[in-house]
Amino acid sequence: MVKSTSYLFFFISFGNFLSVYFIFQNDLRNDGRSKQDYRPIELELDIVTHANGSARVRLANTDILVGVKTEIDVPTSNRPEEGKIEFFVDCSANATPEFEGKGGQDLATEIGNYLGSSFASPLSFDLKPLCILKGVQCWKLYVDILILECGGNLFDAVSLAVKAALYNTMVPRVETVAMDGGNVDLQLSGDPFDCWRLDITNIPCLVTLTKIGEHLIVDPTAEEEECSMASLVVAVTESGRINSLCKTSVGSLHPQTLTDALKVGVEVGVGLNKALNEALGREEKRLQSNKPERFGFLK
Amino acid sequence: MQNIKIRLASERVNTSLTFGEEGAPHLYTPGETITDNQRVMSGHGTYMDEENKEVLKASVAGTVERVNQLICVRPIKCRYMGEIGDVVVGRITEVQQKRWKVETNARLDSVLLISSVNLPGGELRRRSAEDEQMMRKYLQEGDLVSAEVQSVFSDGSLSLHTRSLKYGKLSQGVLVKVPPSLILRRKNHFHNLLCGASVILGNNGLIWIYPTSPEDDSGVGGFTQNLEQVIDKEDRERIARLRNCILSISASKLMLFDSSIQYAFEESLNYSIKELLTPEVMLDVAFRTRHRLQAYKDS
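Worth saying up front: this structure is predicted, and the values here are computed from it rather than measured. (Residues numbered from 1 in each chain as written. Chains lettered and ligands numbered in written order. Predicted model: local features only at pLDDT ≥ 70, side-chain atom pairs only at ≥ 80, totals over all residues. Heavy atoms only, no water.)

### Remarks on the overall build of chain A
- What chain A contains, in helices and strands, is four helices and 14 strands.
- Taking the principal axes of its C-alpha atoms as reference, chain A extends roughly 70 × 45 × 40 Å.
- Evaluated residue by residue, chain A yields a buried proportion of 52% over its 299 residues.
- If you take every contact in chain A between residues at least 6 apart in sequence, the share linking residues at least 24 apart comes to 67%.
- For chain A, the accessible area works out to roughly 13,400 Å², and carbon and sulfur atoms hold 52% of it.
- Considering chain A, the positive charge centre built from 28 side chains and the negative charge centre built from 40 side chains are found 3 Å apart. (Helix = DSSP H or I, 4+ residues; strand = E, 2+ residues; numbered from the N terminus. Buried < 20%, exposed > 50% of the residue type's maximum accessible area, 1.4 Å probe, protein only. Contact = heavy atoms within 4.5 Å. Areas by Shrake-Rupley, 256 points an atom, 1.4 Å probe, with all protein chains shown as cover. Lys, Arg positive; Asp, Glu negative; His and termini not counted. Charge placed at Lys NZ, Arg CZ, Asp CG, Glu CD.)

Printed below as a string of structure tokens:
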């Protein structure tokens, strides 16, 4: 349906229709961005008071809220020295009418599984510090991801929000662990502010590279996603290591395109991590101040 | 090369231009008391309080309109309410017997009857069975059309017509969606702007931006679509800039018409096209545009 000429045009698309004659020329997208530009991103930390850590990321129209809860659990028998982390994605029907009923479930599982796989290696997120007592007790992190609005590029926005929420997560400090027969008696620190924080250095950011015609673009809008044949999602860490990789949607990629995409992905991913770290630093400074204001969805 | 910046929620700008200004219209929120005067009549967007029957409250967010004793609240954001004679831009969603279904941002899909389009070969030609079989040749699912509202059915759905050369299928251009209440009703909704591009300001909040064709003014009419023609870089840049300008002034709730768009375009020339995506720049463009409009009104 999409003509693959070397220059495409503007696209005539919104909603579910793919009637697209869409081309880039001179590296100019419909909104004036070049192929590797991101739309404005906004971040806020500690937005949900009941969660141990939370963050909200808004990438143009894409709105993601992430909350992290900690709970005490029993480690799995094959990994007795490690804690657990679990992702749950909820696609709110407010985001788009397609999510109504069970409409968003496939997408939610896709995002959840991919996040799980990109966090699976100890090189991206080390679960050992979450162990309380080897083989008996550990912390389990529940990462709840709420998609409030869809404006394209969900993967990138979700990964930014997850990383920010984990950065913000305060895990209570355990003071004493006593074994009494088969029962474990944990004593948590009495001071609610006596917490430790997770190491987020190696947590990857996801970068979606969408192929439209002959071109690979970054941060696609919802319309651009409609026009694309295939997207590649790359999980890139701060140091530029690729942790995992997945291809979404139906199309296929040529091996040469794949290697090009990886190159671009690493470059963009490093930049994205850097920008996030810088923003997290500034936000943290703001939260340290006296009575930091919460903005949320109003203002 | 790419320069990703993540801003914080605390740095968010207020896009409202009239915020805190004297003489600005009061914006009612749902549940807010409009009046406790018992002699007024409750109109659209209002309700009488359950407990206190004398108090009239707003049920939608918007501004109050008063005709004698009748009080209505006109919502700021709502679906398009059609009126006869309005120019609309819509997308074909279905081809049925003798009619096309068109998505026009109204509550119900609009219809475009085959008897209310000009088929090739003379205006007064009888519609034959062959014409009905050929319908998909003229307009198929996903095509965009410009049309005029011919009548409003009792259920509120619209009947459209394209019985003029200026209406018809749209070919290359960019579609922008804004709240329908921001489109100023004018005699003419087709404009060839001074900046070198043309716009169709649909009363339904869909705006079509396309390159001005040099030969004729009718430009977009009929059922022909020229997708082969390559639009040069200058035209594409102008269109991308116009798109961002329209979104900037609509974010600040300025009315959209030919001069406001032209002013915004001129005021935006200090910035690069992609800078127009950032909230501060959008606000600045809207602010300058309002200033120009006021200066023009005063002179």
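Structure's up, so let's keep going.
### Points about the state of the cysteines
- Summed over all chains, the structure comprises zero disulfides over all chains.
- Looking at the unpaired Cys138 of chain A, the closest cysteine sulfur is the one in Cys131 of chain A, lying at 6.7 Å. (Disulfide = S-S within 2.5 Å.)

### Comments concerning the packing of aromatic side chains
Residues and elements named next belong to chain A.
- Per the stated rule, a full pass over the model turns up four aromatic pairs over all chains.
- For the ring pair Phe119 and Phe125, a centre distance of 5.8 Å and an interplane angle of 65° mean the geometry is edge-to-face. Comparing Phe119 with Phe125, the two get one shared label, buried.
- A connected cluster of aromatic rings, assembled from ring pairs, spans Phe87, Phe119 and Phe125.
- In this arrangement the basic side chain of Arg197 is found over the ring face of Tyr167, its NZ or CZ atom lying 5.0 Å from the centre. (Phe/Tyr/Trp six-rings, centres within 6.5 Å; stacked < 30°, edge-to-face > 60°. Lys NZ or Arg CZ within 6 Å of the ring centre and 35° of its normal.)

### Observations concerning the sheet that holds strand 14 (residues 242-248) of chain A
Residues and elements named next belong to chain A.
- Here four strands make up an open sheet; going across it, the order is 12-11-13-14 and the pairing antiparallel. Across the chains shown, the open sheet's two edge strands, defined by having one partner strand only, are strand 12 (215-218) and strand 14. Averaged over all pairs of adjacent strands, the angle between strand axes in this sheet comes to 25°, irrespective of strand direction.
- Inspection of the sheet shows strand 11 (residues 205-212) paired to strand 12 by four bridges, in the antiparallel sense. Looking at strand 12, one finds that Leu209 is bridged to Val218.
- Where helix 1 (residues 105-119) meets the sheet, its contacts fall on strand 11, strand 13 (230-236) and strand 14, and the angle it forms with strand 14 comes to roughly 160°. (Pairing = 2+ DSSP bridges. Axes fitted to C-alpha atoms, helices over the stretch in contact; angles between N-to-C directions.)

### Some thoughts on the packing of helix 2 (residues 154-168) of chain A against helix 4 (residues 255-288) of chain A
All names here are of chain A.
- Two elements in contact, helix 2 and helix 4, have axes whose closest approach is 11 Å; the angle formed by their N-to-C orientations is 40°. Here helix 4 runs oblique to helix 2, going by the angle between their axes. Handedness of the helix 2/helix 4 crossing: right-handed. Residues Leu160, Lys163, Ala164, Tyr167 and Asn168 of helix 2 pack against Leu272, Asn273, Leu276, Asn277, Leu280, Glu284 and Leu287 of helix 4.
- Looking at the contact of helix 2 with helix 4 residue by residue, the class counts come to seven nonpolar, three polar and two charged. (Parallel < 35°, antiparallel > 145°, perpendicular 65-115°, else oblique. Left-handed = near helix turned anticlockwise from the far one by under 90°. Nonpolar A, V, L, I, M, F, W, Y, C, P; charged D, E, K, R; others polar.)

### Examining the sheet that holds strand 7 (residues 70-75) of chain B
All names here are of chain B.
- Ordered in space as 3-7-6, the three strands form an open sheet in which the pairing is mixed. A strand with exactly one partner marks an edge of an open sheet, and here the two such strands are strand 3 (41-42) and strand 6 (62-67).
- Looking at chain direction, strand 6 and strand 7 are connected through six bridges and run antiparallel. When the bridges of strand 7 are listed, Thr63 appears paired with Arg74.

### A few points about the UniProt feature "domain: Exoribonuclease phosphorolytic" (unreviewed entry) in chain A
Residue and element names in this part refer to chain A.
- Mapped onto this numbering, the UniProt entry gives "domain: Exoribonuclease phosphorolytic" (unreviewed entry) at residues 38-172 and 202-267.
- Secondary structure content for residues 38-172 is 22% helix and 38% strand, and the end C-alpha separation is 36 Å.
- Within the segment residues 202-267, helix and strand shares are 29% and 39% respectively, and the terminal C-alpha atoms sit 16 Å apart. (UniProt positions renumbered as here; feature names shortened; annotations may be inferred.)

### Quick look at the pairing of strand 4 (residues 84-91) of chain A
All names here are of chain A.
- Here strand 4 shows a clear split, with Ile85, Phe87, Val89 and Cys91 buried on one side and none of Lys84, Glu86, Phe88 and Asp90 buried on the other.
- Strand direction decides the pairing type here: strand 4 and strand 6 (residues 137-149), joined by eight bridges, are parallel. By the bridge assignment, Glu86 is partnered in strand 6 with Tyr142.

### Regarding unusual backbone geometry
- For Asp46 of chain A, which is not glycine, the phi dihedral falls at a positive 55°.
- For Asp46 of chain A, the location among the structural elements is in the loop between strand 1 (41-45) and strand 2 (53-59).
- Overall, Asp46 of chain A belongs to the partly exposed group, its relative accessible area being 24%.
- The residue Asn105 of chain B is not glycine, and still its phi comes out positive at about 70°.
- Within the element layout of this structure, Asn105 of chain B appears in the loop between strand 9 (99-103) and strand 10 (110-117).
- Here Asn105 of chain B falls in the buried class, since its relative accessible area comes to 8%.

### Digging into the packing of helix 1 of chain A against helix 2 of chain A
All names here are of chain A.
- The interhelical angle for the contact between helix 1 and helix 2, taken along N-to-C directions, is 55°, at an axis separation of 11 Å. Judged by the inter-axis angle, helix 1 sits oblique to helix 2. Where helix 1 crosses over helix 2, the two elements pack in a sense that is right-handed. On helix 2, the residues touching Leu107, Glu110, Ile111, Tyr114, Leu115 and Phe119 of helix 1 are Leu154, Phe155, Val158, Val162 and Leu166.
- Looking at the contact of helix 1 with helix 2 residue by residue, the classes come out as 10 nonpolar, no polar and one charged.

### Section: helix 1 of chain A
- The end-to-end C-alpha distance of helix 1 of chain A is 21 Å, a good match for the 21 Å that 15 residues give at a rise of 1.5 Å each.
- For helix 1 of chain A, the secondary structure elements touched by its buried residues are strand 4, strand 6, helix 2, strand 11, strand 13 and strand 14 of chain A. (Expected span 1.5 Å × (residues − 1).)

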